[in-house]
Each structure stands twice: as C-alpha cells, then as structure tokens.
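Coordinates in review
Listed here are the chains, written in short residue letters.
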Amino acid sequence: MEQLLHHLRNLGFTEIESKIMVDLAEHGPAGGYEVAKRLGASRSNVYAAMQRLERQGALQRESGEPVRYKALKPEDLTRMISGRVEASLAYVEKSLPRQEKDGEPFLNVEGDKAVLELAAKKLAQAEREIVVDVWREEATLLREELEAAEKRGVRVLWACDGPDNGLARTLAWPGWKGISERKRGGRKFSFVIDREWCMLGMRGGEMDTQALVTSHPVMAELLLHHFSQEMVLFELEQDMGRQLEERYGSHYGAIQGKYVACGPDNQEEETVGGKEES
C-alpha cells in the first residue's frame, strides 16, 4: 500500500488524494463521509480533495443524491495520467527558455577538428534546407553528411569554388594583394542551415582554421543574399559572358571601379574577389 501511495504522489497527487483514490478503488463508489470515516481524515479535506480529483478527471461522480464518487479503472487512470504528463512535457520542452539564447550571439570556433566536427553535427541536424558555399577540399570532407541530408529530404544548395571554376565575384576585397597572399590566408567557406544557423570561416593555408558561428538573423540574411547573388551571376556569365565582358570589361571592371579602390598592387592575374584563373 505504501509503495502505491508513493508512486501516486510521484505522479503529482497529494497525500489525501492518493489515499482517496486507493480507498475508492478498493471499496467501490462512496461519498465523502464514508471515505473520511475509513481514512480517519477531516470530512472537509476529503470533500475538497474529491472535488479536485473529479475536475482533473481522476474520479467520476455518480448521478443522484447524496454525492458519490467512483474510481477509474486502472488502465483508464494510467492512460489519463500519461496523456496529461506527455502534454505537459511537450509544452515545457517547447516553451522553456533555452540557455543558448541567452549566450553569446557570435561564437568563435578554432581548430580544424573542432570546426569540421561542429559543421558535420549541424548538417546532420538539418531539417529543411542547407546552403553551402565551399571550396572543393571542404566539399570532399563533408560530402557524406551533405548526401545523407539530401537522402532524408533536406534541400541542399551548393556553390563549390576551385581554381577550375570560372565564376567571378561581384565585389573585390582589396585586402589580398595577389594569388600567393590569398593562398597563405586559406579558403573561405560558409553554411546556412534551415535559414537560421550560420558558420562562416577560413581553412587551409598558413592560418589556423577558424569559424564564426551564429544564429543571428542578419548573418543568415547576408550569407543567403551573397549566395543567391553568386548563383544569378554565374548563370548570367554562362549565357552572356562575352557580352558582359565587352560592355563592362574583364570581371566587371567598369562597375567595380566605382565602388572598390583597386590599386596597382591588386592588378594581378586573378579573378576579382577571390578565385584564381585556370
């Protein structure tokens, strides 16, 4: 008996409620006076507890006078409790504030192993969409995770860079003075998962692998805009490459000059913004 009362209390019932439920299950339907007498408890406390149990669906009230209550069948009681607990657990999981929301909005991850493991973990958790902008080396390392995502129905959009890729960038970053300096700096990569989680970093070359990780909506917007801009330009270059070069110069030089200060140190044989000519 004590063990049964213990488990009922663990399920959220009070001491008096647990005793009433066991008493009615053992003796059958009864009124508050009878139950209070058997339990040696205050009638007012028993009446109040029976009313609570009825509101919760743990007791049934019989028709007629005087008021009498009966216990549920054990399987009906456990089904009712299970449904209530599951609903509460689902609500708590959904509504309870998550600690990471209160943490740093931008996280710096260092080290090749740490960056690749985190990227692989998040790719495996993707539910709807993955947008990838990487060089061939990084694409090869994460190919299994990306293929697995596609197989489970995740939309995967690729932009894969490399020396044999003729896609030009729309904006030049004058920080690199040439191919050799860029090689020392490494290869940039980015991931946007479910239009929320973002990773932007650089790997290879003489610099240690590092990545910026965030769920900030501004970063997601910037990376997605950059990706879509690249894809639009790629298709334009495939269809109208010669016409574009005739009108705007090599790599849109006539447009680039308006917005990017390109000094003589940047006039090397490379595509504007970061790809080597094949």
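Overview of the structure. (Residues numbered from 1 in each chain as written. Predicted model: local features only at pLDDT ≥ 70, side-chain atom pairs only at ≥ 80, totals over all residues. Heavy atoms only, no water.)

**Considering the packing of aromatic side chains**
With the rule as written, the count across this model stands at one aromatic pair. Relative to Phe-191, the ring of Phe-189 lies with its centre 6.2 Å away and its plane at 55°, an arrangement referred to as tilted. The pair formed by Phe-189 and Phe-191 is uniform in burial state, with each residue classed as buried. (Phe/Tyr/Trp six-rings, centres within 6.5 Å; stacked < 30°, edge-to-face > 60°. Buried < 20%, exposed > 50% of the residue type's maximum accessible area, 1.4 Å probe, protein only.)

**With respect to empty space enclosed by the protein**
Counted under the stated rule, the structure contains one cavity of 30 Å³ or more. Size it by volume and the largest cavity reaches roughly 40 Å³. Together, Val-131, Asp-133, Ser-190, Phe-191, Val-192, Leu-223, His-226 and Phe-227 line the largest cavity. Going through the elements one at a time, strand E4 (129-135), strand E6 (187-193) and helix H10 (217-248) are the ones with two or more residues in the lining of the largest cavity. The residue makeup of the lining of the largest cavity, split by class, is five nonpolar, two polar and one charged. (1 Å grid on protein atoms, 1.4 Å probe; cavity = no way out; pocket = protein on both sides within 12 Å on 5 of 7 lines; lining within 4 Å. Points joined across faces, edges and corners; volume = space filled by probe spheres on them. Helix = DSSP H or I, 4+ residues; strand = E, 2+ residues; numbered from the N terminus. Nonpolar A, V, L, I, M, F, W, Y, C, P; charged D, E, K, R; others polar.)

**Examining the packing of helix H1 (residues 2-10) against helix H2 (residues 15-27)**
Across the interface, H1 lies against H2 with an axial gap of 9 Å and an inter-helix angle of 125°. Judged by the angle between their axes, H1 and H2 are oblique. Considering the relative orientation of H1 and H2, their crossing is right-handed. Every residue of H2 that contacts H1 at Leu-4, Leu-5, Leu-8 and Arg-9 is listed here: Glu-15, Ser-18, Lys-19, Met-21 and Val-22. The residue inventory of the contact of H1 with H2, partitioned by class, reads five nonpolar, one polar and three charged. (Axes fitted to C-alpha atoms, helices over the stretch in contact; angles between N-to-C directions. Parallel < 35°, antiparallel > 145°, perpendicular 65-115°, else oblique. Left-handed = near helix turned anticlockwise from the far one by under 90°. Contact = heavy atoms within 4.5 Å.)

**Focus: the nonpolar core**
Across soluble globular proteins, nonpolar side chains show a tendency to be buried alongside one another. Core analysis: the biggest nonpolar cluster contains 24 residues, and Ile-130, Phe-191 and Met-199 have the highest contact counts within it. The leading source of residues in this core is helix H6 (residues 112-125), at five residues. Formed by 20 residues, the second largest nonpolar core is a distinct cluster that contains Phe-13, Ile-20, Val-22 and Leu-24. (Core = buried A, V, L, I, M, F, W, Y, C linked by side-chain atoms within 4.5 Å.)

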